[in-house]
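# Descriptive analysis of the structure
Spelled out from the first residue to the last, the chains are:
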Amino acid sequence: MMSRLIIFPGQGAQYGGMAKDLYEQNDKARAVLDEIFSYVDFDLKEIMFSEDDARLNDTKYTQPALFAHSLAVLAATGLKGDYLLGHSLGELPALVHAGVVTLKDGVRLVTTRGELMSRADSGAMAAVIGMGFKDLEEACISASDGKTKVVPANINAPDQVVVSGDKEAVDRFKELAKERGARRIIPLKVSGAFHSHLMEPARLQFKEFTEQITFQDAEIPVIQNVSAKAETEAGVIKHQFVEQITHPVRFVECVETAAELGVTEAIEVGPKKVQSGLVRKITKEIATSNIDTFEQAEVFLNE
């Protein structure tokens, strides 16, 4: 029997004009977007729909924009899944879809998370292509010292990992990785060292904020980034969603878990199709597709 996974993308997938066609051409998507826009105190609609608004690449605004786009796709399609998986920030629209938090509380969480993470303006991140994970881990250890540290942050595919940490340690890591055969090392334009120890102040403040939010057991199991396991219990989900800020996104293991659970189809909802491409690198057992635009939503509805 076919089992479906819905995947929610994370930062880096945003683009100018995102979700504008869904808003203009689908009543259900428009209703959800308007509700989300009503809960924020900045012009998220303008930020998303403009072709060249620089604010879209500011973490404070990027995270709500991605959250909104994914939920607009779900509203437009009525898509249901047997399991859910979000990449980093993408775990939050997954929690809304699973009934763990309400849409209004989801907006409160995403705006607070984005704001706190945008303040952490120290450190650096780099994507590493074509280097085995064991070699990469060893290079991270060698590049770290008593004062500065670099760690794996996003384990996206067998040959694609993002590292994060203090700039000095990341710079040392880049030299070591070149020496050890990394095919490409790409510095990332980010405001801070996400999923590393440098996010600890943001994690502590976010943990305090989540005490105001009610978390319910999940109606659909969510494969969480921290454990790479399908979780349904509210307390576990809440704890791991907070811890995710300083822990690596174990995307490879999450997809492997989905395959072990019998998932045969994965549909990425939201901007672009980055996660779909990663899934294909991880396993051949799961067929992938994505829904980003109104046209793609219409194709899905007419299948």
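Please refer to the structure higher up on the page.
Since this is a predicted model, take the numbers as computed values, not measurements. Just so you know, the residues in each chain are numbered from 1, in the order the chain's sequence is written. Reporting of local features is limited, given that this is a predicted model, to residues whose pLDDT is at least 70; pairs of side-chain atoms are given and counted only at 80 or more, and all residues count toward the totals for whole chains, interfaces and linings. Where side-chain values are given, they derive from all heavy atoms of the structure, hydrogens and water being excluded.

### Structural notes on the side chain of S164
Heads up, the rule is: Secondary structure is summarised from DSSP: a helix means a run of H or I of at least four residues, a strand means a run of E of at least two, and numbering begins at the N terminus for each. Three exposure classes are used, based on accessible area relative to the maximum for each residue type with a 1.4 Å probe and protein chains only: buried under 20%, partly exposed in between, and exposed over 50%. We call two N or O atoms a polar contact when they sit within 3.5 Å, provided that within protein one can donate a hydrogen and the other can accept it, with sequence-adjacent residues counted only if both atoms are side-chain atoms. Here, residues are in contact when the closest pair of their heavy atoms is within 4.5 Å.
Checked against the element boundaries, S164 lands in strand β5 (residues 160-165). Assessed through its relative accessible area of 0%, S164 is described here as buried. A distance of 2.8 Å separates the side chain of S164 from the backbone oxygen of F194, its partner in a polar contact. Excluding its chain neighbours within four sequence positions, the residues that come into contact with S164 are A124, M125, K149, V150, V151, A153, V170, A193, F194 and S196.

### What to know about the state of the cysteines
In plain terms, the rule: For this text, the term disulfide refers to a pair of cysteine sulfurs within 2.5 Å.
For the coordinates displayed, the defined rule picks out zero disulfides. Its sulfur unpaired, C140 is 19 Å from the next cysteine sulfur, which belongs to C254. Accessibility expressed as a relative area gives 0% for C254, which makes it buried.

### Digging into the packing of aromatic side chains
Note the following rule: Two aromatic rings from Phe, Tyr or Trp, using only the six-membered ring of Trp, form a pair when their centres are within 6.5 Å; if the ring planes differ by under 30 degrees the pair is stacked, by over 60 it is edge-to-face, and anything between is tilted. Whether a charge lies above a ring is judged from NZ of Lys or CZ of Arg, which has to be within 6 Å of the ring centre and within 35 degrees of the ring normal.
Tallied over the full model, the rule gives five aromatic pairs. Grouping aromatic residues by their ring pairs yields a cluster made of Y23, F37 and F49. In this arrangement the basic side chain of R30 is found over the ring face of Y23, its NZ or CZ atom lying 5.8 Å from the centre.

### Focus on the nonpolar core
Heads up, the condition is: The definition of a nonpolar core used throughout is a set of buried Ala, Val, Leu, Ile, Met, Phe, Trp, Tyr and Cys residues joined through side-chain atoms within 4.5 Å.
Formed by 72 residues in total, the largest nonpolar core has its most connected members in L22, I36, L44, M48, F67, L95 and V101. In contact with M48, not counting residues within four places along its chain, are Y15, G16, G17, M18, A19, L33, F37, A65, A68 and H69. The next biggest cluster of nonpolar side chains, apart from the first, holds 39 residues, and it includes V128, A143, A177 and L278.

### Considering the side chain of R113
Operational definition: Counted as positive: Lys and Arg. Counted as negative: Asp and Glu. His and the chain ends are not counted at all. A pairing counts as a salt bridge when a side-chain nitrogen of Lys or Arg comes within 4 Å of a carboxyl oxygen of Asp or Glu.
The topology assignment puts R113 in helix α6 (residues 103-119). Despite being buried, R113 has no salt bridge partner; E91 is the closest side chain of opposite charge, sitting 7.5 Å away. Filtering out sequence-adjacent residues up to four positions away, R113 remains in contact with Q63, S88, L89, H195, F206, F241, Q244 and I245.

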